[in-house]
Amino acid sequence: MLIEEMKMPQLGESVTEGTISKWLVSIGDKVNKYDPIAEVMTDKVNAEVPSSYTGVIKELVAEEGDTLQVGEVICRIEVEAVAVEQEKNIQPKDSLYANDHQPAEKEETEKKTMKNRYSPAVLRLAQEHDIDLEKVNGTGAFGRITRKDVLKLIEAGNIPKKGSLIQETKSYKSPKTAGDTEIPVSGVRKAIAQNMARSKTEIPHAWMMIEVDVTGLVELRNSIKEEFKAKEGFPLTFFPFFVKSVAEALKEYPQMNSTWAGDKIIQKKDINISIAVATDDALYVPVIKHADEKSIKGIAREINELALKVRTGTIEAKEMEGGTFTVNNTGSFGSIQSMGIINYPQAALLQVETIVKRLVVMKNGMIAVRDMVNLCLSLDHRVLDGVVCGRFLQRVKQILEGISKETTSVY
């Protein structure tokens, strides 16, 4: 008999860690290959992890609620030697566990990259206890420092001090007073919190805003919305017009469609627009692939279908992968100005605010009632600067202000 290790799989592009939200097996249970053994949650998706082997569960290395890096061991399974050889021989090349067989050169590259990348939980503990992470040896994948590594140091009192970090313990230990209500933090909310903290910790954010006259857009949409819904079977909102306009502008300003990669910037070829869809207690970011190649009608259909999948819990991991730029419809909540947190590891996020009617001074000096909207851009200042972002926003404005019943078709 042999003991095989099951490791945390990578459940999506740019996902580096996952949280064990629930074990579906116990020690001693017999499992077959592909049987689900655990529910794992990331900032992008909740998914069941299938067993790679047929055998008996010998050890659950991680506990429910533990966050582990991709590649870290989550459990061990006792299997027969013959079965192991057979299953290894048929292991698909694109398996979730393909990281176990990476070339040495790639592993060395990842080791250098991962060594000094810290999760939000590790950074928070380091700040609270004034820990010099450069002096800590990690036990995670490729030597990465895990939360357990830091907790062991704290428990042992053997803390390598940095001496310059501000203590923030009090902000995480707010006392409960009479009348207060304690609301347990769900696994999904924890994952969202970790991803947002990571974005704010690693990405130097900057913000810009531009005002756009969308009177023509509003007139077009309002004139066809009833006929459109009757014909297509789903509603035509304002949002697809904004997504399409952003996708067109990204073709002209590909710098906006980039990501930071340490010693280089990666400019993405495909224009895949992430959109934010909220449920009662979580926020998901499904992706409209190749948005620049789709019509307004096609984008509207996809937005409707993805939102329905999110709210019915049927969204798949692959439908939330590959996003290169995020457009968020904050205007649906009545917001007129906001500063969004960038969807890591993208370089920018655009918030579309509420369309409001305002008195505007026109070019001829006349005053008119116009439909106006604010577009608020969050940008990664490592990748982008004000010049390119300003030009990008001007181009989006130009495209939107050119939409009218006379010039634009949604098909």
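Residue numbers restart at each chain and count upward from 1, following the sequence in its written direction. Predicted model: local features are reported for residues with pLDDT of at least 70 only, side-chain atom pairs are reported and counted for 80 or more only, and whole-chain, interface and lining totals are derived from all residues. Side-chain calculation: all heavy atoms of the structure are included, whereas hydrogens and water are not.

A short note on the sheet that holds strand β2 (residues 17-23)
Being paired, for any two strands, means DSSP has found at least two bridges between them. Put simply, DSSP marks the helices as runs of H or I at least four residues long and the strands as runs of E at least two long, and each gets a number from the N terminus on. Across the sheet, 4 strands lie side by side as β5-β4-β2-β7; this open sheet has antiparallel pairing. Lying at the two open borders of the sheet, with one neighbouring strand each, are β5 (46-50) and β7 (67-69). For this sheet the average axis-to-axis angle between neighbouring strands, irrespective of direction, equals 40 degrees. Of the strand pairs in this sheet, β2 and strand β4 (residues 36-41) are connected by 4 bridges, and their pairing is antiparallel. Within β4, the position partnered with Thr19 by the bridge is Met41. Note on geometry: axes are lines fitted to C-alpha atoms, helical ones only across the stretch in contact, with angles between N-to-C directions running from 0 to 180 degrees.

Examining the environment of Glu134
Mapped onto the fold, Glu134 is located in the loop between α3 (120-129) and α4 (147-156). When the C-alpha positions of Glu134 and Ile145 are compared, they lie 9.8 Å apart, and in sequence the two are 11 residues distant.

Regarding the environment of Pro240
Secondary-structure assignment places Pro240 in helix α7 (residues 239-252). Between the alpha carbons of Pro240 and Val410 there is a distance of 9.4 Å; along the sequence they are 170 residues apart. Apart from the residues within four sequence positions on either side, Pro240 is in contact with Ile296, Ile299, Ala300 and Ile303. Residues count as neighbours in contact if any of their non-hydrogen atoms are within 4.5 Å of one another.

Remarks on the packing of aromatic side chains
Two descriptors summarise a pair of aromatic rings, namely the distance from one centre to the other and the angle between the planes of the rings. Here a pair means two rings of Phe, Tyr or Trp (six-membered ring of Trp) with centres within 6.5 Å. Their orientation is stacked below 30 degrees between planes, edge-to-face above 60, and tilted elsewhere. Evaluated as defined, the whole model comprises 3 aromatic pairs. Summarising the aromatic geometry, the rings of Phe228 and Phe234 are spaced 5.3 Å apart at their centres and angled 85 degrees between planes, so their arrangement reads as edge-to-face. Each member of the pair, Phe228 together with Phe234, is buried. One aromatic cluster is present, built from ring pairs that chain together Phe228, Phe234 and Tyr411. Our definition puts a charge over a ring when NZ of Lys or CZ of Arg is within 6 Å of the ring centre and also within 35 degrees of the ring normal. Between Lys231 and the ring centre of Tyr411, over which it is positioned, the NZ or CZ distance is 4.7 Å. Accessible area is worked out with a 1.4 Å probe on protein chains only. A residue is then buried under 20% of its type maximum, exposed over 50%, and partly exposed in between.

What to know about a nonpolar patch on the surface
Put simply, a patch holds well-exposed residues, over 30% relative accessible area, that have no salt bridge, with like charges counted together within 9 Å and Val, Leu, Ile, Met, Phe, Trp or Tyr side chains within 5 Å. All accessible-area figures derive from a Shrake-Rupley calculation using a 1.4 Å probe, and residue coverage is judged against the displayed protein chains alone. By definition, a salt bridge exists where a carboxyl oxygen of Asp or Glu is found within 4 Å of a side-chain nitrogen of Lys or Arg. A grouping of Leu359, Val361, Ile367 and Val369 is seen on the molecular surface, where their side chains present a nonpolar patch of about 440 Å² in accessible area. Inspection of the secondary structure assignment puts Val369 in strand β19 (residues 367-380).

As for the pattern of salt bridges
Taken as a whole, this structure holds 17 salt bridges when the rule is applied. Lys294 is the partner of Glu302 in a salt bridge, and the nearest nitrogen-oxygen pair spans 3.7 Å. Judged by relative accessible area, Lys294 falls into the partly exposed class, the value being 23%. Connected via shared salt-bridge partners are Glu5, Glu59 and Arg76.

Observations regarding α4
Of all the residues in α4, the buried ones are Asp149, Val150 and Leu153. Seen from one end, α4 has its buried residues packed into an arc of 95 degrees, which puts them on one side. Residues of α4 that are exposed and angled more than 90 degrees away from the buried face: Lys152 and Glu155. Within two residues after α4, Gly157 carries a phi angle of roughly 75 degrees, on the positive side. Note: the arc covers the axis-to-C-beta directions of the helix.

As for the packing of α7 against helix α8 (residues 296-312)
Contact pair α7 / α8: the axes reach a minimum separation of 9 Å and the direction vectors enclose 115 degrees. For the crossing formed where α7 meets α8, the hand is right-handed. Across the interface between the two elements, Phe239, Pro240, Phe241, Val243 and Lys244 from α7 touch Ile296, Ile299, Ala300 and Ile303 from α8. Taken together, the residues of the contact of α7 with α8 break down into 8 nonpolar, no polar and 1 charged. Helix crossings get a hand from a simple test, with the near helix turned counterclockwise from the far one by less than a right angle marking a left-handed crossing and a clockwise turn marking a right-handed one. Gly falls in the polar group here, along with every residue not listed as nonpolar (Ala, Val, Leu, Ile, Met, Phe, Trp, Tyr, Cys, Pro) or charged (Asp, Glu, Lys, Arg).

Looking at unusual backbone geometry
The linkage connecting Tyr344 with the following residue, Pro345, adopts the cis geometry, with an omega of 5 degrees. Look at Tyr34: it is not a glycine, yet its phi comes out positive at around 80 degrees. Phi at His290 takes a positive value of approximately 50 degrees, unusual for a residue other than glycine. Its place among the elements puts His290 in the loop between β15 (287-288) and α8.

Brief notes about the nonpolar core
Membership of the largest hydrophobic core comes to 60 residues, with the highest contact counts inside it found for Met256, Ile273, Phe325, Leu377 and Phe392. Considering every element that reaches this core, the biggest residue donor is α7, with 8 residues. Beyond its immediate sequence surroundings of up to four residues, Leu377 is in contact with Ala206, Trp207, Met208, Met256, Phe325, Ala348, Leu349, Leu350, Cys389, Phe392 and Leu393. By size, the runner-up hydrophobic cluster in this structure holds 19 residues, among which are Ile20, Val40, Val49 and Ala62. Definition used in this section: a nonpolar core is a set of buried Ala, Val, Leu, Ile, Met, Phe, Trp, Tyr and Cys residues joined via side-chain atoms within 4.5 Å.

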